[in-house]
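If you want the building blocks of each chain, they are given just below.
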Amino acid sequence: MMKRGDSPTRQSDERVEVTFRFYSTLNDFLPPWQRQKEIRKKFGSHTSLKDAIESLGIPHTEIALVLLNGFPAGFEHKVVEGARLSVYPSFKSIDIGELSLQSGKGTVLFQFVLDVHLGTLARYLRMLGFDALYSNDWTDEKLAEMSFLEQRVLLTRDPGLLKRKKVTRGYFVRATEPRFQAVEVIREFQLKEKIMPFGRCISCNGLIQPIPKEKMNTEIPPQFKQRHSAFFQCQNCGKIYWMGSHYRKMTILVNWIIAQAY
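Cut-offs and rules
Residues numbered from 1 in each chain as written. Predicted model: local features only at pLDDT ≥ 70, side-chain atom pairs only at ≥ 80, totals over all residues. Heavy atoms only, no water. Pairing = 2+ DSSP bridges. Helix = DSSP H or I, 4+ residues; strand = E, 2+ residues; numbered from the N terminus. Axes fitted to C-alpha atoms, helices over the stretch in contact; angles between N-to-C directions. Buried < 20%, exposed > 50% of the residue type's maximum accessible area, 1.4 Å probe, protein only. Contact = heavy atoms within 4.5 Å. pLDDT = per-residue confidence, 0-100. Parallel < 35°, antiparallel > 145°, perpendicular 65-115°, else oblique. Left-handed = near helix turned anticlockwise from the far one by under 90°. Polar contact = N/O pair within 3.5 Å; in protein donor to acceptor, adjacent residues only side chain to side chain. Phe/Tyr/Trp six-rings, centres within 6.5 Å; stacked < 30°, edge-to-face > 60°. Lys NZ or Arg CZ within 6 Å of the ring centre and 35° of its normal. Salt bridge = Lys/Arg side-chain N within 4 Å of Asp/Glu carboxyl O.

This part is about the sheet that holds strand E12 (residues 240-242). Taken in spatial order, the 3 strands make up an open sheet running E10-E11-E12, and their pairing is antiparallel. Single-partner strands in this sheet number two, and they are strand E10 (208-210) and E12. Adjacent strand axes in the sheet meet at a mean angle of 35° when their direction is disregarded.

With that settled, the discussion passes to helix H2 (residues 119-127). Burial within H2 is extensive, with 7 of its 9 residues counted as buried. Among the residues of H2, Gly119, Leu121, Ala122, Tyr124, Leu125, Arg126 and Met127 are the ones counted as buried. Against strand E6 (111-114), strand E7 (131-133), strand E8 (153-156), helix H5 (178-188) and helix H7 (245-260) lie the buried residues of H2. Gly129 sits one or two residues past H2 and shows a positive phi near 100°.

With that settled, the discussion passes to the confidence of the model for the chain. Of all residues in the chain, 82% attain a pLDDT of 70 or more, and the chain-wide mean is 86. Here residues 103-108 is a poorly scored stretch, pLDDT under 50, and it has 12 contacts once near neighbours within four places are set aside; other chains count.

Moving on: the packing of H5 against H7. Between H5 and H7, the shortest axis-to-axis distance is 9 Å and the interhelical angle comes to 50°. With respect to each other, H5 and H7 are oriented oblique. In the crossing of H5 with H7, the sense of the turn from one axis to the other is right-handed. Facing Arg179, Phe180, Ala182, Val183 and Arg187 of H5, the residues of H7 in contact are Leu253, Trp256, Ile257 and Gln260.

So, on to the side chain of Ser48. In this fold, Ser48 is placed in the loop between strand E2 (39-44) and helix H1 (49-54). A distance of 3.2 Å separates a polar atom in the side chain of Ser48 from the backbone nitrogen of Asp51. With residues near it in sequence (within four places) discarded, Ser48 still touches Phe75, Glu76, His77, Lys78 and Val79.

With that settled, the discussion passes to the packing of aromatic side chains. Scanning the model with the defined rule gives 9 aromatic pairs in all. Relative to Phe189, the ring of Tyr171 has its centre 5.7 Å away and its plane inclined at 80°; by these criteria the two rings are edge-to-face. One end of the pair, Tyr171, is in strand E9 (residues 170-172); the other, Phe189, is in the loop between H5 and E10, with 18 residues separating them in the sequence. The two residues Tyr171 and Phe189 agree in class, both being buried. Members of the aromatic cluster, each reached through a chain of ring pairs, are Phe20, Phe22 and Phe43. A cation over a ring is seen here: Arg21 above Tyr23, with NZ or CZ 4.7 Å from the ring centre. Above the ring of Trp256, the side-chain terminus of Arg179 is found at 4.8 Å from the ring centroid.

Counted under the stated rule, the structure contains 10 salt bridges. The partner of Glu38 in a salt bridge is Arg84, with the nearest N and O atoms 2.2 Å apart. One end of the pair, Glu38, is in the loop between strand E1 (15-22) and E2; the other, Arg84, is in strand E5 (residues 84-88), with 46 residues separating them in the sequence. Classification of Arg84 by relative accessible area gives partly exposed; the value is 41%. Between Lys166 and Glu145 there is a salt bridge, and its shortest N-O distance comes to 2.2 Å.

On the secondary structure map, Arg174 appears in the loop between E9 and H5. Given a relative accessible area of 22%, Arg174 falls into the partly exposed group. Between the alpha carbons of Arg174 and Glu184 there is a distance of 7.9 Å; along the sequence they are 10 residues apart. Residues contacting Arg174, with those up to four places away along its chain left out, are Thr25, Asp28, Phe29, Glu62, Arg157 and Glu184.

Taken together, 4 strands build an open sheet; the order of strands is E7-E6-E8-E9 and the sheet is parallel. Where the open sheet ends on each side, the last strands, each with one partner, are E7 and E9. On average, adjacent strands in this sheet sit at an angle of 25° to one another, irrespective of strand direction. The pairing of E8 with E9 spans 3 bridges and is classified as parallel. Bridged to Leu155 within E9 is Tyr171.

With that out of the way, let us pick up the pairing of strand E3 (residues 65-68). The alternating pattern of E3 places Leu65 and Leu67 on one face and Val66 and Leu68 on the opposite face, and all of these are buried. By the bridge criterion, 4 bridges tie E3 to E5 in an arrangement that is antiparallel. Within E5, the position partnered with Val66 by the bridge is Val87. For E3 and strand E4 (residues 71-72), the ladder comprises 2 bridges, and the chain directions are antiparallel. Each bridged residue has a counterpart across the sheet, and for Leu67 the counterpart in E4 is Pro72.

As structure tokens, this is what we get:
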């Protein structure tokens, strides 16, 4: 019989202590004094593993495997008293097969959507031939929706954006300089062999195709028509490209990124 003063919700308020150990690049999200160490924290007994892990600052999209007391556990599992959680990022050289709890985490994807702060990276990825959607006025909600509906990898430097439940494919870009960001993405998703320079429009992400000089409807200065014989046009926005000085500068950048990606 429930006594006066007892609360019917007492069980739901029970606190349990969990011990975490994060491995490899997941430590990037922790303050220096917590890296490479066991972390103990208390939660309500109805807290999911996803919410518990993200409370420490680590987005679920960065995680490939969670072991609860040595056994694989999904993000939806609840915390339990005395639990030991070992949390791992994506494995580059070890095939964990069906153990992976991140759907599609082991699949190399070539389609991206980037947040509003990564405009230059978007242009560089397009320059390398990758499908990279970007707009400087997309909200976090729209970015998460696009990533979910089109199964695109969401690239961002905002960990909070990657914690949204709809985002199942995402990556936190560590580098701050766009050239190094491009190298990082190529390495992370093992895309070096997939690079197809100048296959997409830097402005709109559309595919670029060769176009005969006589079929061009867009006005081009006569000196460029006389100086160049090869022209290319975006199939989406109609922009015309040719191999001028801008092309040579971009080629130097592309070659640098490829060399750094080893």
